[in-house]
Each structure stands twice: as structure tokens, then as C-alpha cells.
Amino acid sequence: MPSMREGIMVILSSPSGAGKTTLVKLLSERKDFITSISHTTRAPRSNEIDGKDYHFVNNENFEKMINKKEFLEYAKVFKNFYGTTKSKVFEELNKGNNVIFDIDWQGTNQIISQKLENRLLTFFILPPSREELFKRLSNRDMKDKLIAEERMKQFDKDILHWKDYDYVIINNDLEVCYKQISEYIDCEISNKKSSYSLDSIKKHIKKLTS
Ligand code: 5GP
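Residues numbered from 1 in each chain as written. Predicted model: local features only at pLDDT ≥ 70, side-chain atom pairs only at ≥ 80, totals over all residues. Heavy atoms only, no water.

Enquirer: Can you explain the sheet that holds strand S1 (residues 9–13)? Please cite residues and give values.
Expert: Spatially, S2-S7-S1-S8-S9 is the arrangement adopted by the five strands of the open sheet, whose pairing is parallel. The outermost strands of the open sheet, each flanked by one partner alone, are strand S2 (33–35) and strand S9 (167–170). When strand polarity is set aside, the average angle formed by the axes of neighbouring strands in this sheet is 25 degrees. As defined by bridge partners, S1 adjoins strand S8 (residues 120–126) across five bridges and the pair is classed as parallel. Of the residues in S8, the one forming a bridge with valine 10 is leucine 121. Contacts between helix H4 (residues 105–113) and the sheet are confined to S1, strand S7 (98–102) and S8, with S1 contributing the most and set at about 155 degrees to the helix. (Pairing = 2+ DSSP bridges. Helix = DSSP H or I, 4+ residues; strand = E, 2+ residues; numbered from the N terminus. Axes fitted to C-alpha atoms, helices over the stretch in contact; angles between N-to-C directions. Contact = heavy atoms within 4.5 Å.)

Below, the structure written as C-alpha cells:
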């Protein structure tokens, strides 16, 4: 049995453009919550800081870390490698801090399958509509419509993984979405039943996939 002092693990995943990164930032402002900083072989974007947004490493170093079994999980996403190192995560969990992970479905499945002692809560964030998603993807630093179209195709694949998650949340309004996630986390921490219902979510998923 996990001790009362051990933190919980909260995973947020989503297809690209659903607004997950902002949600992770908001959640990390909660007391006793810290965000896991991943390693990646992707090049930094203009607004990203090494050691804050990611630990940026080259392929060779990433491979070395794989061989030394430093990763709790890792995956290839959009042609780059991303991974979560074990040491910092377990240090924080053992201190009683809760750790938030912004990782994809592949990494989530790897963590689920390890059946760790810490409580694990997984969220899959979805956009309100395909139209809104396309708009968000076209408005990013990727102004290229072709890239947005490519990511829409990826969306059609990624959305199929909603079934792997404890909660599917629609990000129509950032504040509402944040409050919902926070409420479900609070329920988990205090062992209370939440008001979550899958019925309306299933309708939404049907709309997004048809
Ligand atoms: P981006 O390049 O846009 O920052 O992230 C691309 C995708 O990689 C996102 O879906 C993000 O959640 C995922 N990702 C970021 N870090 C990790 C990680 O450590 N492991 C895994 N499996 N996915 C990650």
C-alpha cells in the first residue's frame, strides 16, 4: 500500500492543439503540484527555455539515457523523441508532492502498465470541434496550413486513444476545463466520488470523429 505521504501522478494528454499545455501550467500553480520536465530531441521553439520547458538533448545523449534505463517512459512523437526520467519524478513523489505529466498516449500506456504504487489519474483533453481545432492549429507558430492539415490527420489517429484514460475532458473554455480537472483531482485525493459522466463525452467524440 502506498503511504499517505506519497504524491499522486496526474497525466494530461491530448491531440495537438487541444490546449493541454496551458492547463498543465495552471495545474502546476496548485500547492503541492509540480510538473515533470521531459527530455526531448526536438529543437527548442523561440519562446522555450532549456531546463524549464524541456531538457533539450541530442539523439546520441537520448539514446545513452535509454540504454542506462533512465526513463520511466519514452516515445517517438512527430519524428522526435520525448521521455520522462525516473529520478526526479520519484524524488518528488516520495516527498509527498503530486506530479503532473504532459505526455502522449504512448507514454501514458507505458506508465499504466508499470502498475506503480503511486495513485495515477489520467486525463485526455479534447477540442470543442474540428473547426476550432483547425483554427488553433493554423494560429500557432506553424502558420503553414499544410502542417495544420497534417496535424488534423494525426488528430484522427490520436483521438482513438481516449479509451485508455480515466477522464475525457472537453476544452471549450479554459477556466471551466481547469476547474473540472481540479475537482476530479480533489475527489481522488480525498477518496470522494466525482460527478464525472461519460454519456455526453461519447456523443462529443462521435461528432469529432465523423
Ligand atoms: P511538443 O513538441 O508540441 O512540445 O509536444 C509534442 C507531444 O509530445 C505532446 O503531445 C506532448 O504531450 C508529448 N510529450 C512531451 N513530453 C513527453 C514525454 O516525456 N513523453 C511522452 N511520451 N510524450 C511527451
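Enquirer: Residues and numbers for the sheet that holds strand S4 (residues 55–56), please.
Expert: If you walk across this open sheet you meet the four strands as S4-S3-S6-S5, and the pairing is mixed. A single partner strand is all that each edge strand has here, and the edge strands are S4 and strand S5 (71–77). Looking at chain direction, S5 and strand S6 (residues 80–85) are connected through six bridges and run antiparallel. Bridging across to S6, tyrosine 74 finds its partner in glycine 83.

Enquirer: Could you give me a rundown of helix H6 (residues 145–158), with the residues and numbers involved?
Expert: Between its terminal C-alpha atoms H6 stretches 19 Å, which fits the 20 Å expected from 14 residues at 1.5 Å a residue. Among the residues of H6, Ala148, Arg151, Met152, Phe155 and Asp158 are the ones counted as buried. The buried residues of H6 occupy an angular sector of 120 degrees when the element is viewed end-on, so they sit on one face. Opposite the packed face of H6, turned more than 90 degrees from it, sit the exposed residues Leu146, Glu150, Lys153 and Lys157. Check the buried side of H6 and you find it contacts H4, S8, helix H5 (130–139) and helix H8 (199–209). (Expected span 1.5 Å × (residues − 1). Buried < 20%, exposed > 50% of the residue type's maximum accessible area, 1.4 Å probe, protein only. Arc of directions from axis to C-beta.)

Enquirer: Explain the site of the ligand residue by residue, including any values.
Expert: Residues in contact with the ligand amount to 15 residues; listed here are only the nearest, Ser38, Arg42, Tyr54, Tyr82 and Asp102. At 2.7 Å, a side-chain N or O of lysine 20 approaches an oxygen atom of the ligand. A distance of 2.6 Å separates an oxygen atom of the ligand from a polar atom in the side chain of arginine 42. Considering the ligand on its own, with 510 Å² of exposed area, one finds that the protein chains cover 91% of that surface. For the shell around the ligand, the secondary structure elements donating two or more residues are S5 and S6. Taken together, the residues of the shell around the ligand sort by class into five nonpolar, four polar and six charged. (Near = heavy atom within 4 Å. Polar contact = N/O pair within 3.5 Å; in protein donor to acceptor, adjacent residues only side chain to side chain. Areas by Shrake-Rupley, 256 points an atom, 1.4 Å probe, with all protein chains shown as cover. Nonpolar A, V, L, I, M, F, W, Y, C, P; charged D, E, K, R; others polar.)

Enquirer: Tell me what's going on with helix H1 (residues 20–28), and back it up with residues and numbers.
Expert: The set of residues buried in H1 consists of Lys20, Leu23, Val24 and Leu27. Buried positions in H1, seen along its axis, are confined to an arc of 100 degrees and lie on one side of it.

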